[in-house]
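Topology and contacts: notes
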Amino acid sequence: MLMIVLGGAFDAVAFSEPRRQLLAWSMLLGSLLFPLGVILRILDHGPLARGLAIAGSALVTGPLAGIALGFARSGTKMIL
């Protein structure tokens, strides 16, 4: 849901196009890996499941911080 809302205002992120693409792909990959890791963690308590969940959460949290920084750098006032 958060990615849908951010997608509407993603053009206001003050980064170059390749950097915005990297942020978007990282969030997409993280949003796929995190639930997969959690489901695997429920079924199997092995290190692979734990690693996928950790990597997925990092791939969502990091780009979210980057997007927030991009919005702060843009200086535009957005009303959603």
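In every chain, residue numbers begin from 1 and rise along the written sequence. pLDDT decides what is reported in this predicted model: residues at 70 or higher carry local features, side-chain atom pairs at 80 or more are listed and counted, and totals for whole chains, interfaces and linings draw on all residues regardless. Neither water nor hydrogens contribute to the side-chain values; these are computed over all heavy atoms in the structure.

**A short note on the overall build of the protein**
Each helix corresponds to a stretch of at least 4 residues labelled H or I by DSSP, and each strand to a stretch of at least 2 residues labelled E; elements are numbered beginning at the N terminus. Scanning the protein from N- to C-terminus turns up three helices and zero strands. Across the protein, helices and strands are ordered from the amino to the carboxyl terminus as α-α-α. What the globule rule says is 2.2 Å times the number of residues to the power 0.38, and the radius of gyration is computed from C-alpha atoms. The C-alpha atoms of the protein give 15 Å as radius of gyration, which overshoots the globular expectation for 80 residues (12 Å, by more than 25%). Each of the three principal axes of the protein carries a C-alpha extent, and together these read 45 × 25 × 15 Å. Burial here depends on accessible area, computed with a 1.4 Å probe over protein chains only, as a share of the maximum for the residue type. Under 20% is buried, over 50% is exposed, and the range in between is partly exposed. Counting the 80 residues in the protein, one finds 26% classified as buried. In what follows, a contact means two residues having at least one pair of non-hydrogen atoms within 4.5 Å. A fraction of 65% describes how many contacts in the protein between residues 6 or more apart in sequence connect residues 24 or more apart. Methods summary: accessible areas were calculated by the Shrake-Rupley approach with a probe of 1.4 Å, and residue burial reflects only the protein chains presented. Summed over all atoms, the accessible surface of the protein reaches about 5500 Å², with 73% contributed by carbon and sulfur.

**Side note on helix H2 (residues 17–43)**
By this rule, a helix spans an expected 1.5 Å times one less than how many residues it contains. Across its 27 residues, H2 extends 39 Å between first and last C-alpha, which sits within 8% of the 39 Å expected from 1.5 Å per residue. Buried residues of H2: Arg20, Leu23, Ser26, Met27, Gly30, Leu33 and Gly37, and no others.

**Concerning the nonpolar core**
By convention a nonpolar core is built from buried Ala, Val, Leu, Ile, Met, Phe, Trp, Tyr and Cys residues, the set being connected through side-chain atoms within 4.5 Å. Of all hydrophobic cores here, the largest spans seven residues; its members are Leu6, Phe10, Val13, Phe15, Leu23, Met27 and Ile67. Beyond its immediate sequence surroundings of up to four residues, phenylalanine 15 is in contact with Arg20, Leu23, Gly66, Leu69, Gly70 and Arg73.

**A few points about helix H3 (residues 47–74)**
For an α-helix the count is 3.6 residues per turn, leaving residues at separations of three or four pointing the same way. Here H3 is 28 residues long and its end C-alpha atoms lie 40 Å apart, about the 40 Å a rise of 1.5 Å per residue gives. Taken together, the buried positions of H3 are Ala49, Leu52, Ala53, Gly56, Pro63, Gly66, Ile67 and Gly70. The inward-facing, buried residues of H3 contact helix H1 (2–8) and H2.

**Considering the pattern of salt bridges**
Should a side-chain nitrogen of Lys or Arg be within 4 Å of a carboxyl oxygen of Asp or Glu, the pair is scored as a salt bridge. Under the definition given, this model contains one salt bridge. Where glutamate 17 meets arginine 20, a salt bridge forms, and the shortest distance between an N and an O atom there is 2.6 Å. Remark: arginine 20 and glutamate 17 occur in helix H2; sequence separation between them is three residues, near one turn of the helix. Judged by relative accessible area, which is 42%, glutamate 17 ranks as partly exposed. On the accessibility criterion, arginine 20 (12% relative accessible area) is buried.

**Section: the environment of leucine 28**
If you trace the backbone, leucine 28 turns up in helix H2. With a relative accessible area of 34%, leucine 28 lands in the partly exposed category. On a C-alpha basis, the gap between leucine 28 and valine 60 in space is 7.9 Å, while along the polypeptide they are 32 residues apart.

**Points about the side chain of serine 26**
With respect to the helices, strands and loops of the structure, serine 26 is situated in helix H2. With relative accessibility at 15%, the residue serine 26 sits in the buried group. Discounting residues that sit within four places of it in the chain, serine 26 has contacts with Leu59 and Pro63.

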